[in-house]
Amino acid sequence: MYNLFIFIKKYNAVILFVLLEVLCVIMVVHNLPYHNRKMASVSNSITGGFYKTTSNWNDYLHLKSENEMLAEHNAMLRSRLGYEYYENDSVIVDEMFSFIPAHVINNNTSDRNNYIIIDKGRVDGLEPDMGVICDNGVVGKVVNVSTHYASVMSMLNSYSIISCRFADNQYVANVVWDSKDYRFGLVKDIPSHLIINKGDTLVTSGFSNSFPADVMVGTIEDAEDTENSQFNTAKLRFSTNFSTLRFVYVVKNNYRAEIDSLCITR
Amino acid sequence: MYNTLIRNILRFIGLVLLQIAVFDNLRFGSFVHPCVYVIFIFLMPFETPAWKLMINGFLIGFAVDVFNGTPGLNAAASVLLAYVRPFIISITTRKSDIQDKNEPSIAEMGLQWFVLYSFLLLVIHNLFLFWLEAFSIKLFGVVLLEVLLSVPISLIIIILLLYLLNPVKNKSNY
(Lines give C-alpha, C1' and ligand atoms only; values in the text may rest on other atoms or scores of the structure.)
Protein backbone atom coordinates (compact mmCIF):
# COMPACT_ATOMS: atom_id res chain seq x y z
CA MET A 1 0.00 0.00 0.00
CA TYR A 2 2.76 2.37 1.00
CA ASN A 3 4.58 1.58 -2.23
CA LEU A 4 1.44 2.44 -4.15
CA PHE A 5 1.38 5.90 -2.55
CA ILE A 6 5.05 6.38 -3.37
CA PHE A 7 4.33 5.34 -6.94
CA ILE A 8 1.39 7.73 -7.29
CA LYS A 9 3.40 10.57 -5.72
CA LYS A 10 6.33 9.96 -8.03
CA TYR A 11 4.36 9.64 -11.25
CA ASN A 12 1.41 11.93 -10.44
CA ALA A 13 2.04 14.05 -13.56
CA VAL A 14 2.09 11.07 -15.90
CA ILE A 15 -0.99 9.49 -14.31
CA LEU A 16 -2.96 12.74 -14.50
CA PHE A 17 -1.80 13.24 -18.08
CA VAL A 18 -2.96 9.78 -19.16
CA LEU A 19 -6.27 10.17 -17.31
CA LEU A 20 -7.05 13.54 -18.89
CA GLU A 21 -6.03 12.41 -22.38
CA VAL A 22 -8.17 9.27 -22.13
CA LEU A 23 -11.09 11.40 -20.96
CA CYS A 24 -10.62 13.79 -23.90
CA VAL A 25 -10.25 11.05 -26.50
CA ILE A 26 -13.36 9.29 -25.16
CA MET A 27 -15.27 12.56 -25.57
CA VAL A 28 -13.95 13.00 -29.11
CA VAL A 29 -14.70 9.43 -30.17
CA HIS A 30 -18.09 9.50 -28.51
CA ASN A 31 -18.99 12.52 -30.61
CA LEU A 32 -17.61 11.22 -33.90
CA PRO A 33 -20.60 9.54 -35.60
CA TYR A 34 -23.19 11.91 -36.93
CA HIS A 35 -26.13 10.20 -35.28
CA ASN A 36 -24.54 10.23 -31.85
CA ARG A 37 -23.58 13.82 -32.18
CA LYS A 38 -24.97 15.71 -29.26
CA MET A 39 -24.82 19.26 -30.42
CA ALA A 40 -26.55 20.29 -27.21
CA SER A 41 -23.38 22.04 -26.13
CA VAL A 42 -23.49 24.36 -29.09
CA SER A 43 -27.22 24.79 -29.40
CA ASN A 44 -27.91 25.35 -25.70
CA SER A 45 -29.05 28.68 -24.43
CA ILE A 46 -25.71 30.00 -23.12
CA THR A 47 -23.54 29.43 -26.17
CA GLY A 48 -26.51 30.06 -28.45
CA GLY A 49 -27.12 33.38 -26.74
CA PHE A 50 -23.45 34.27 -27.05
CA TYR A 51 -23.37 33.51 -30.76
CA LYS A 52 -26.59 35.44 -31.21
CA THR A 53 -24.91 38.53 -29.71
CA THR A 54 -21.80 38.30 -31.89
CA SER A 55 -24.01 37.59 -34.87
CA ASN A 56 -25.99 40.75 -34.13
CA TRP A 57 -22.77 42.79 -34.37
CA ASN A 58 -21.83 41.03 -37.57
CA ASP A 59 -25.25 41.64 -39.08
CA TYR A 60 -24.67 45.40 -38.84
CA LEU A 61 -21.57 45.07 -40.99
CA HIS A 62 -23.46 43.15 -43.65
CA LEU A 63 -26.72 45.12 -43.66
CA LYS A 64 -26.18 46.67 -47.05
CA SER A 65 -25.40 43.55 -49.04
CA GLU A 66 -28.07 41.67 -47.09
CA ASN A 67 -30.64 44.26 -48.11
CA GLU A 68 -29.69 44.03 -51.74
CA MET A 69 -29.91 40.26 -51.65
CA LEU A 70 -33.31 40.30 -49.95
CA ALA A 71 -34.63 42.84 -52.42
CA GLU A 72 -33.49 40.62 -55.27
CA HIS A 73 -35.10 37.61 -53.66
CA ASN A 74 -38.33 39.53 -53.07
CA ALA A 75 -38.47 40.41 -56.72
CA MET A 76 -37.95 36.79 -57.65
CA LEU A 77 -40.71 35.65 -55.27
CA ARG A 78 -43.10 38.28 -56.50
CA SER A 79 -42.62 36.99 -60.03
CA ARG A 80 -43.66 33.52 -58.85
CA LEU A 81 -46.75 34.73 -56.94
CA GLY A 82 -48.96 33.11 -59.57
CA TYR A 83 -48.80 29.70 -57.95
CA GLU A 84 -47.64 30.38 -54.41
CA TYR A 85 -49.43 32.37 -51.79
CA TYR A 86 -48.53 33.77 -48.40
CA GLU A 87 -50.28 32.30 -45.42
CA ASN A 88 -48.83 34.80 -42.97
CA ASP A 89 -45.75 37.00 -42.62
CA SER A 90 -43.18 34.39 -41.86
CA VAL A 91 -44.21 31.14 -43.48
CA ILE A 92 -44.52 30.65 -47.21
CA VAL A 93 -46.71 27.66 -48.00
CA ASP A 94 -46.94 25.59 -51.09
CA GLU A 95 -48.78 22.31 -51.10
CA MET A 96 -46.18 19.88 -49.83
CA PHE A 97 -43.42 22.02 -48.34
CA SER A 98 -43.41 25.04 -46.05
CA PHE A 99 -40.34 27.23 -45.67
CA ILE A 100 -39.35 28.66 -42.31
CA PRO A 101 -36.90 31.57 -42.64
CA ALA A 102 -33.98 31.60 -40.18
CA HIS A 103 -30.81 33.57 -39.47
CA VAL A 104 -27.41 31.91 -39.36
CA ILE A 105 -25.88 32.80 -35.99
CA ASN A 106 -22.75 30.66 -36.20
CA ASN A 107 -21.13 29.16 -39.25
CA ASN A 108 -17.92 27.34 -39.96
CA THR A 109 -16.30 26.27 -43.21
CA SER A 110 -12.79 25.37 -42.16
CA ASP A 111 -13.27 22.19 -40.11
CA ARG A 112 -13.59 18.67 -41.45
CA ASN A 113 -17.15 18.46 -40.10
CA ASN A 114 -18.86 21.80 -40.27
CA TYR A 115 -22.05 22.74 -38.48
CA ILE A 116 -24.22 25.83 -38.72
CA ILE A 117 -26.31 27.18 -35.86
CA ILE A 118 -29.58 28.91 -36.73
CA ASP A 119 -31.90 30.95 -34.54
CA LYS A 120 -35.04 28.84 -34.96
CA GLY A 121 -35.82 25.86 -32.76
CA ARG A 122 -38.48 23.49 -31.53
CA VAL A 123 -40.94 26.31 -30.78
CA ASP A 124 -40.78 27.31 -34.44
CA GLY A 125 -41.64 23.78 -35.55
CA LEU A 126 -38.16 22.53 -36.41
CA GLU A 127 -37.31 18.85 -36.21
CA PRO A 128 -34.13 16.86 -36.91
CA ASP A 129 -33.62 15.77 -40.54
CA MET A 130 -35.39 18.75 -42.07
CA GLY A 131 -33.60 20.19 -45.09
CA VAL A 132 -32.09 23.67 -45.10
CA ILE A 133 -31.77 25.74 -48.26
CA CYS A 134 -30.85 29.32 -49.08
CA ASP A 135 -31.59 31.59 -52.03
CA ASN A 136 -28.72 30.10 -54.04
CA GLY A 137 -29.13 26.43 -53.27
CA VAL A 138 -28.93 23.60 -50.75
CA VAL A 139 -27.26 24.22 -47.38
CA GLY A 140 -27.67 21.05 -45.33
CA LYS A 141 -29.86 19.18 -42.88
CA VAL A 142 -31.02 19.94 -39.33
CA VAL A 143 -29.25 17.60 -36.89
CA ASN A 144 -30.21 18.77 -33.46
CA VAL A 145 -32.93 21.04 -32.15
CA SER A 146 -33.15 22.89 -28.86
CA THR A 147 -35.95 25.18 -27.74
CA HIS A 148 -34.86 28.27 -29.66
CA TYR A 149 -31.87 27.14 -31.71
CA ALA A 150 -30.97 24.34 -34.06
CA SER A 151 -27.72 22.96 -35.41
CA VAL A 152 -27.49 22.21 -39.10
CA MET A 153 -25.00 19.77 -40.61
CA SER A 154 -23.90 21.72 -43.65
CA MET A 155 -22.90 20.01 -46.89
CA LEU A 156 -19.34 20.78 -45.81
CA ASN A 157 -19.31 17.75 -43.55
CA SER A 158 -17.79 14.35 -44.09
CA TYR A 159 -21.06 12.70 -42.97
CA SER A 160 -23.22 14.66 -45.41
CA ILE A 161 -24.69 12.90 -48.44
CA ILE A 162 -27.25 14.70 -50.61
CA SER A 163 -29.15 12.84 -53.29
CA CYS A 164 -29.17 14.78 -56.57
CA ARG A 165 -29.85 14.43 -60.24
CA PHE A 166 -28.54 16.04 -63.40
CA ALA A 167 -30.97 18.73 -64.47
CA ASP A 168 -30.80 17.90 -68.17
CA ASN A 169 -30.92 14.08 -68.25
CA GLN A 170 -32.42 13.12 -64.85
CA TYR A 171 -29.65 10.67 -63.87
CA VAL A 172 -29.30 10.37 -60.09
CA ALA A 173 -26.01 10.78 -58.17
CA ASN A 174 -24.83 11.61 -54.67
CA VAL A 175 -23.00 14.73 -53.53
CA VAL A 176 -20.44 14.49 -50.73
CA TRP A 177 -17.61 16.72 -49.47
CA ASP A 178 -13.92 15.82 -49.51
CA SER A 179 -12.92 18.15 -46.62
CA LYS A 180 -10.66 20.29 -48.77
CA ASP A 181 -12.22 23.46 -50.14
CA TYR A 182 -15.52 25.00 -49.04
CA ARG A 183 -16.36 25.94 -52.64
CA PHE A 184 -16.14 22.45 -54.12
CA GLY A 185 -17.74 19.09 -53.44
CA LEU A 186 -17.67 15.70 -55.10
CA VAL A 187 -20.38 14.04 -57.16
CA LYS A 188 -20.18 10.29 -56.63
CA ASP A 189 -21.95 7.30 -58.15
CA ILE A 190 -22.35 8.77 -61.63
CA PRO A 191 -23.06 5.90 -64.06
CA SER A 192 -19.89 5.58 -66.15
CA HIS A 193 -21.72 5.61 -69.49
CA LEU A 194 -22.96 9.10 -68.78
CA ILE A 195 -21.03 11.85 -70.54
CA ILE A 196 -20.63 14.79 -68.20
CA ASN A 197 -19.50 18.23 -69.24
CA LYS A 198 -18.19 21.18 -67.33
CA GLY A 199 -21.10 23.40 -66.35
CA ASP A 200 -23.73 20.65 -66.09
CA THR A 201 -26.25 21.56 -63.40
CA LEU A 202 -27.13 19.33 -60.45
CA VAL A 203 -30.40 19.76 -58.58
CA THR A 204 -31.95 17.88 -55.66
CA SER A 205 -33.70 14.67 -56.64
CA GLY A 206 -36.68 15.12 -54.32
CA PHE A 207 -36.35 11.50 -53.16
CA SER A 208 -35.20 12.29 -49.64
CA ASN A 209 -38.30 13.91 -48.02
CA SER A 210 -35.97 16.60 -46.72
CA PHE A 211 -35.76 18.71 -49.86
CA PRO A 212 -38.22 19.61 -52.56
CA ALA A 213 -37.13 18.52 -56.04
CA ASP A 214 -35.17 20.86 -58.31
CA VAL A 215 -33.36 22.96 -55.71
CA MET A 216 -29.99 23.94 -57.16
CA VAL A 217 -26.96 22.15 -55.69
CA GLY A 218 -24.14 23.19 -57.98
CA THR A 219 -22.46 22.88 -61.34
CA ILE A 220 -19.83 20.44 -62.55
CA GLU A 221 -16.38 22.01 -62.35
CA ASP A 222 -14.21 19.17 -63.51
CA ALA A 223 -15.12 15.73 -64.79
CA GLU A 224 -12.50 13.05 -64.21
CA ASP A 225 -12.91 9.89 -66.18
CA THR A 226 -11.98 6.70 -64.33
CA GLU A 227 -12.33 3.99 -66.92
CA ASN A 228 -11.88 0.96 -64.74
CA SER A 229 -14.83 1.51 -62.42
CA GLN A 230 -18.55 1.32 -62.86
CA PHE A 231 -19.17 4.75 -61.45
CA ASN A 232 -17.49 8.04 -62.12
CA THR A 233 -16.67 10.89 -59.79
CA ALA A 234 -16.73 14.57 -60.68
CA LYS A 235 -15.80 17.81 -58.99
CA LEU A 236 -18.75 20.05 -58.17
CA ARG A 237 -18.86 23.79 -57.56
CA PHE A 238 -21.51 24.47 -54.89
CA SER A 239 -24.02 27.11 -55.87
CA THR A 240 -24.26 28.09 -52.21
CA ASN A 241 -21.45 30.28 -50.93
CA PHE A 242 -21.03 28.79 -47.47
CA SER A 243 -18.63 31.42 -46.23
CA THR A 244 -21.11 34.29 -46.61
CA LEU A 245 -24.21 32.44 -45.49
CA ARG A 246 -26.49 34.65 -43.35
CA PHE A 247 -30.10 33.87 -44.20
CA VAL A 248 -31.58 30.40 -44.80
CA TYR A 249 -34.93 28.61 -45.10
CA VAL A 250 -35.76 25.42 -43.25
CA VAL A 251 -37.83 23.08 -45.39
CA LYS A 252 -40.76 21.50 -43.64
CA ASN A 253 -42.33 18.54 -45.39
CA ASN A 254 -46.02 18.67 -44.46
CA TYR A 255 -46.59 15.01 -45.36
CA ARG A 256 -43.41 13.61 -43.86
CA ALA A 257 -45.12 11.40 -41.26
CA GLU A 258 -47.44 10.02 -43.88
CA ILE A 259 -44.60 9.24 -46.30
CA ASP A 260 -42.49 7.73 -43.52
CA SER A 261 -45.34 5.44 -42.49
CA LEU A 262 -45.20 3.90 -45.99
CA CYS A 263 -41.50 3.05 -45.67
CA ILE A 264 -41.06 -0.41 -44.23
CA THR A 265 -37.39 -0.15 -43.34
CA ARG A 266 -37.42 2.65 -40.83
CA MET B 1 -1.53 35.90 -4.61
CA TYR B 2 -5.01 37.26 -5.27
CA ASN B 3 -3.57 39.51 -7.93
CA THR B 4 -2.25 36.52 -9.88
CA LEU B 5 -5.55 34.68 -9.50
CA ILE B 6 -7.63 37.58 -10.79
CA ARG B 7 -5.17 38.21 -13.61
CA ASN B 8 -5.32 34.55 -14.61
CA ILE B 9 -9.11 34.49 -14.58
CA LEU B 10 -9.26 37.63 -16.76
CA ARG B 11 -6.62 36.16 -19.07
CA PHE B 12 -8.63 32.93 -19.34
CA ILE B 13 -11.91 34.66 -20.21
CA GLY B 14 -10.20 37.14 -22.54
CA LEU B 15 -8.31 34.46 -24.48
CA VAL B 16 -11.34 32.17 -24.84
CA LEU B 17 -13.45 35.08 -26.11
CA LEU B 18 -10.68 36.14 -28.48
CA GLN B 19 -10.36 32.60 -29.81
CA ILE B 20 -14.04 31.87 -30.38
CA ALA B 21 -15.25 35.33 -31.38
CA VAL B 22 -12.32 36.50 -33.50
CA PHE B 23 -9.76 33.90 -34.52
CA ASP B 24 -12.17 31.02 -35.18
CA ASN B 25 -13.93 33.33 -37.65
CA LEU B 26 -10.83 34.50 -39.51
CA ARG B 27 -10.30 32.59 -42.71
CA PHE B 28 -6.85 32.50 -44.23
CA GLY B 29 -7.83 29.53 -46.39
CA SER B 30 -9.02 26.13 -45.27
CA PHE B 31 -5.67 24.91 -43.96
CA VAL B 32 -4.94 27.70 -41.49
CA HIS B 33 -6.47 27.60 -38.02
CA PRO B 34 -4.85 30.21 -35.77
CA CYS B 35 -4.68 29.23 -32.09
CA VAL B 36 -4.27 31.96 -29.50
CA TYR B 37 -5.76 30.45 -26.34
CA VAL B 38 -2.52 28.50 -25.84
CA ILE B 39 -0.93 31.77 -24.59
CA PHE B 40 -2.62 30.97 -21.30
CA ILE B 41 -0.44 27.88 -20.84
CA PHE B 42 2.66 29.53 -22.36
CA LEU B 43 2.65 32.32 -19.77
CA MET B 44 2.02 30.35 -16.57
CA PRO B 45 4.83 30.90 -14.03
CA PHE B 46 7.91 28.66 -14.15
CA GLU B 47 7.27 27.04 -10.77
CA THR B 48 3.68 25.99 -11.58
CA PRO B 49 3.38 22.27 -10.75
CA ALA B 50 2.68 19.88 -13.63
CA TRP B 51 -0.80 18.89 -12.41
CA LYS B 52 -1.87 22.54 -12.21
CA LEU B 53 -0.64 23.13 -15.77
CA MET B 54 -2.58 20.15 -17.06
CA ILE B 55 -5.80 21.00 -15.22
CA ASN B 56 -5.58 24.54 -16.58
CA GLY B 57 -4.84 23.20 -20.06
CA PHE B 58 -7.85 20.94 -19.87
CA LEU B 59 -10.13 23.75 -18.67
CA ILE B 60 -9.17 26.28 -21.34
CA GLY B 61 -9.21 23.66 -24.11
CA PHE B 62 -12.61 22.46 -22.99
CA ALA B 63 -13.96 26.02 -22.81
CA VAL B 64 -12.98 26.54 -26.47
CA ASP B 65 -14.43 23.12 -27.34
CA VAL B 66 -17.82 23.89 -25.81
CA PHE B 67 -18.21 26.85 -28.15
CA ASN B 68 -16.83 24.98 -31.16
CA GLY B 69 -19.02 21.93 -30.59
CA THR B 70 -15.98 19.63 -30.55
CA PRO B 71 -15.86 18.32 -26.95
CA GLY B 72 -12.44 16.91 -26.07
CA LEU B 73 -10.56 17.99 -29.19
CA ASN B 74 -8.85 21.19 -28.06
CA ALA B 75 -8.83 19.90 -24.48
CA ALA B 76 -6.76 16.85 -25.49
CA ALA B 77 -4.28 18.99 -27.41
CA SER B 78 -3.80 21.53 -24.65
CA VAL B 79 -3.41 18.84 -21.97
CA LEU B 80 -0.56 17.46 -24.09
CA LEU B 81 0.80 20.98 -24.46
CA ALA B 82 0.74 21.47 -20.68
CA TYR B 83 2.40 18.07 -20.16
CA VAL B 84 5.34 18.75 -22.48
CA ARG B 85 5.86 22.37 -21.38
CA PRO B 86 8.30 21.53 -18.55
CA PHE B 87 10.41 19.39 -20.95
CA ILE B 88 10.52 22.15 -23.57
CA ILE B 89 11.57 24.65 -20.89
CA SER B 90 14.29 22.34 -19.62
CA ILE B 91 15.79 21.70 -23.07
CA THR B 92 15.76 25.38 -24.10
CA THR B 93 17.10 26.92 -20.86
CA ARG B 94 19.64 26.27 -18.15
CA LYS B 95 18.49 25.97 -14.55
CA SER B 96 20.55 29.00 -13.57
CA ASP B 97 18.89 31.12 -16.24
CA ILE B 98 15.40 30.76 -14.86
CA GLN B 99 16.16 30.76 -11.14
CA ASP B 100 15.36 34.44 -10.64
CA LYS B 101 12.72 34.61 -13.36
CA ASN B 102 9.00 34.55 -12.66
CA GLU B 103 7.19 33.60 -15.87
CA PRO B 104 8.25 32.66 -19.43
CA SER B 105 7.28 36.00 -20.98
CA ILE B 106 8.99 38.03 -23.69
CA ALA B 107 9.87 40.73 -21.15
CA GLU B 108 11.71 38.34 -18.85
CA MET B 109 13.22 35.82 -21.24
CA GLY B 110 13.76 37.80 -24.43
CA LEU B 111 12.05 37.55 -27.80
CA GLN B 112 14.41 35.02 -29.37
CA TRP B 113 13.92 32.45 -26.61
CA PHE B 114 10.16 33.02 -26.54
CA VAL B 115 9.84 32.43 -30.29
CA LEU B 116 11.73 29.14 -30.05
CA TYR B 117 9.75 28.07 -26.97
CA SER B 118 6.32 28.84 -28.42
CA PHE B 119 7.26 27.45 -31.84
CA LEU B 120 8.14 24.04 -30.36
CA LEU B 121 5.00 23.97 -28.20
CA LEU B 122 2.76 25.10 -31.07
CA VAL B 123 4.10 22.38 -33.37
CA ILE B 124 3.32 19.70 -30.79
CA HIS B 125 -0.09 21.19 -29.99
CA ASN B 126 -1.19 21.65 -33.61
CA LEU B 127 0.15 18.29 -34.78
CA PHE B 128 -1.88 16.50 -32.12
CA LEU B 129 -4.95 18.70 -32.58
CA PHE B 130 -5.18 18.31 -36.35
CA TRP B 131 -4.33 14.63 -36.26
CA LEU B 132 -7.05 13.99 -33.68
CA GLU B 133 -9.49 16.03 -35.76
CA ALA B 134 -8.66 14.06 -38.92
CA PHE B 135 -8.50 10.80 -36.95
CA SER B 136 -6.87 8.81 -39.70
CA ILE B 137 -3.37 8.07 -41.00
CA LYS B 138 -4.56 8.54 -44.59
CA LEU B 139 -4.98 12.25 -44.10
CA PHE B 140 -1.50 12.69 -42.63
CA GLY B 141 -0.36 14.79 -45.59
CA VAL B 142 -3.23 17.22 -45.07
CA VAL B 143 -2.50 17.32 -41.33
CA LEU B 144 1.18 18.14 -41.98
CA LEU B 145 0.19 20.89 -44.39
CA GLU B 146 -2.22 22.33 -41.83
CA VAL B 147 0.49 22.31 -39.16
CA LEU B 148 3.04 23.82 -41.54
CA LEU B 149 0.74 26.70 -42.43
CA SER B 150 -0.97 27.24 -39.07
CA VAL B 151 2.06 27.30 -36.77
CA PRO B 152 3.83 30.34 -38.31
CA ILE B 153 0.58 32.32 -38.47
CA SER B 154 -0.39 31.44 -34.90
CA LEU B 155 3.13 32.36 -33.81
CA ILE B 156 3.02 35.78 -35.49
CA ILE B 157 -0.42 36.50 -34.03
CA ILE B 158 0.69 35.43 -30.55
CA ILE B 159 3.83 37.60 -30.61
CA LEU B 160 1.91 40.64 -31.90
CA LEU B 161 -0.83 40.08 -29.34
CA LEU B 162 1.66 39.90 -26.48
CA TYR B 163 3.39 43.11 -27.58
CA LEU B 164 0.00 44.78 -27.93
CA LEU B 165 -1.19 43.74 -24.47
CA ASN B 166 1.99 44.30 -22.45
CA PRO B 167 4.48 46.44 -24.36
CA VAL B 168 8.10 45.84 -23.37
CA LYS B 169 9.52 49.04 -21.87
CA ASN B 170 12.66 50.23 -23.53
CA LYS B 171 15.18 50.21 -20.69
CA SER B 172 18.10 51.67 -22.60
CA ASN B 173 16.60 55.19 -22.53
CA TYR B 174 16.83 55.45 -18.75
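Calculation rules
- Residues numbered from 1 in each chain as written.
- Chains lettered and ligands numbered in written order.
- Predicted model: local features only at pLDDT ≥ 70, side-chain atom pairs only at ≥ 80, totals over all residues.
- Helix = DSSP H or I, 4+ residues; strand = E, 2+ residues; numbered from the N terminus.
- Buried ≥ 20, exposed ≤ 12 C-beta atoms within 10 Å, placed from the backbone.
- Contact = placed C-beta atoms within 7 Å.
- Core = buried A, V, L, I, M, F, W, Y, C linked by C-beta atoms within 7 Å.
- Domains from an automatic or database assignment.
- Nonpolar A, V, L, I, M, F, W, Y, C, P; charged D, E, K, R; others polar.
- Expected span 1.5 Å × (residues − 1).
- Bend = angle between axes of the 7 residues up to and from the residue.
- Axes fitted to C-alpha atoms, helices over the stretch in contact; angles between N-to-C directions.
- Parallel < 35°, antiparallel > 145°, perpendicular 65-115°, else oblique.
- Left-handed = near helix turned anticlockwise from the far one by under 90°.
- Pairing = 2+ DSSP bridges.
- pLDDT = per-residue confidence, 0-100.

### Focus on the overall build of chain B
Then, number 1: Within chain B, the regular secondary structure consists of eight helices and zero strands.
Then, number 2: Each helix and strand of chain B, placed in order from N terminus to C terminus, yields the pattern α-α-α-α-α-α-α-α.
Then, number 3: Per-residue burial over chain B gives 37% buried out of 174 residues.
Then, number 4: Of the contacts formed within chain B by residues at least 6 apart in sequence, a portion of 69% connects residues at least 24 apart.

### As for unusual backbone geometry
All names here are of chain A.
Then, number 1: Positive phi values are uncommon outside glycine, yet D129 reaches one of about 80 degrees.
Then, number 2: Note that D129 resides in the loop between β4 (113–118) and β5 (131–133).
Then, number 3: The exposure class of D129 is partly exposed, given the 14 C-beta atoms found within 10 Å.
Then, number 4: In this structure, D189 takes a positive phi of about 60 degrees despite not being glycine.
Then, number 5: In this fold, D189 is placed in strand β10 (residues 184–191).
Then, number 6: Classification of D189 as partly exposed rests on a count of 16 C-beta atoms within 10 Å.

### A look at the nonpolar core
Then, number 1: Grouped together as the largest cluster of nonpolar side chains are 47 residues, with contacts concentrated most on I118, I133, V139, V142, V152 and V248 of chain A.
Then, number 2: When residues of this core are assigned to domains, at least three map to each of domain 1 (40–158 + 245–262) and domain 2 (162–238) of chain A.
Then, number 3: Leaving out residues up to four positions away in the same chain, V248 of chain A has contacts with A102, V104, I118, V132, I133, C134 and V139 of chain A.
Then, number 4: V16, M44, F58 and I124 of chain B belong to the second largest nonpolar core, which has 44 residues in total.

### Points about the interface of chain B and chain A
Then, number 1: Taken together, the 22 residues of chain B in the interface contact 23 residues of chain A.
Then, number 2: Elements that contribute at least two residues to the side of chain B that touches chain A include exactly α3 (50–68), α4 (73–92) and α7 (111–134) of chain B.
Then, number 3: Of the residues in the side of chain B that touches chain A, the class split is 16 nonpolar, four polar and two charged.

### Overview of α4 of chain B
Then, number 1: Spanning 20 residues, α4 of chain B covers 28 Å between terminal C-alpha atoms, matching the ideal 28 Å at 1.5 Å per step.
Then, number 2: The axis of α4 of chain B is deflected most strongly, by about 40 degrees, at V84 of chain B, and proline P86 of chain B appears within four residues downstream.
Then, number 3: Looking only at α4 of chain B, the buried set comprises L73, N74, A75, A76, A77, S78, V79, L80, L81, A82, Y83 and R85 of chain B.
Then, number 4: Where α4 of chain B is buried, its residues touch α2 (12–30) of chain A together with α2 (39–42), α3 and α7 of chain B.

### A closer look at the environment of T244 of chain A
Residues and elements named next belong to chain A.
Then, number 1: Along the polypeptide, T244 turns up in the loop between β13 (231–238) and β14 (247–253).
Then, number 2: By C-beta crowding, T244 is classed as partly exposed, having 15 other C-beta atoms within 10 Å.
Then, number 3: Between the alpha carbons of T244 and T109 there is a distance of 9.9 Å; along the sequence they are 135 residues apart.

### Looking at the packing of α2 of chain A against α4 of chain B
Then, number 1: Between α2 of chain A and α4 of chain B, whose axes approach to 8 Å, the crossing angle comes to 160 degrees. The orientation of α2 of chain A relative to α4 of chain B falls into the category roughly antiparallel. Of the two possible hands of crossing, α2 of chain A and α4 of chain B adopt the one that is left-handed. Side by side, α2 of chain A and α4 of chain B meet where F17, L20, E21, C24, V25 and V28 of chain A of the first sit next to L73, A75, A76, V79, L80 and Y83 of chain B of the second.
Then, number 2: For the contact of α2 of chain A with α4 of chain B, the per-class residue count stands at 11 nonpolar, no polar and one charged.

### Digging into the sheet that holds strand β12 (residues 216–224) of chain A
All names here are of chain A.
Then, number 1: Strand order in the closed barrel formed by six strands is β8-β9-β10-β13-β12-β11, and the pairing between neighbours is antiparallel. Each adjacent strand pair in this sheet contributes to an overall mean axis angle of 40 degrees, direction not counted.
Then, number 2: In terms of strand pairing, strand β9 (residues 172–176) meets β10 through three bridges, oriented antiparallel. Bridging across to β10, N174 finds its partner in K188.

### Concerning the packing of α7 of chain B against helix α8 (residues 140–165) of chain B
All names here are of chain B.
Then, number 1: Viewed as axis vectors pointing N to C, α7 and α8 meet at an angle of 140 degrees, and their least axial separation amounts to 9 Å. The angle between α7 and α8 falls in the class oblique. The interaxial crossing formed by α7 with α8 has right-handed handedness. Two secondary-structure elements touch here, α7 through V115, S118, F119, L122, V123, N126, L127, F130, W131 and A134 and α8 through V142, V143, E146, V147, S150, V151, S154, L155, I158 and I159.
Then, number 2: Taken together, the residues of the contact of α7 with α8 break down into 15 nonpolar, four polar and one charged.

### Remarks on the environment of T93 of chain B
Then, number 1: For T93 of chain B, the location among the structural elements is in the loop between α4 and α5 (95–98).
Then, number 2: Overall, the presence of 16 C-beta atoms within 10 Å leaves T93 of chain B in the partly exposed class.

### Digging into the confidence of the model for chain A
Then, number 1: Residues of chain A with pLDDT of at least 70 account for 84%, and the chain-wide mean is 79.
Then, number 2: This model gives residues 82–88 of chain A a pLDDT under 50, and the stretch forms four contacts once residues within four places in sequence are excluded.

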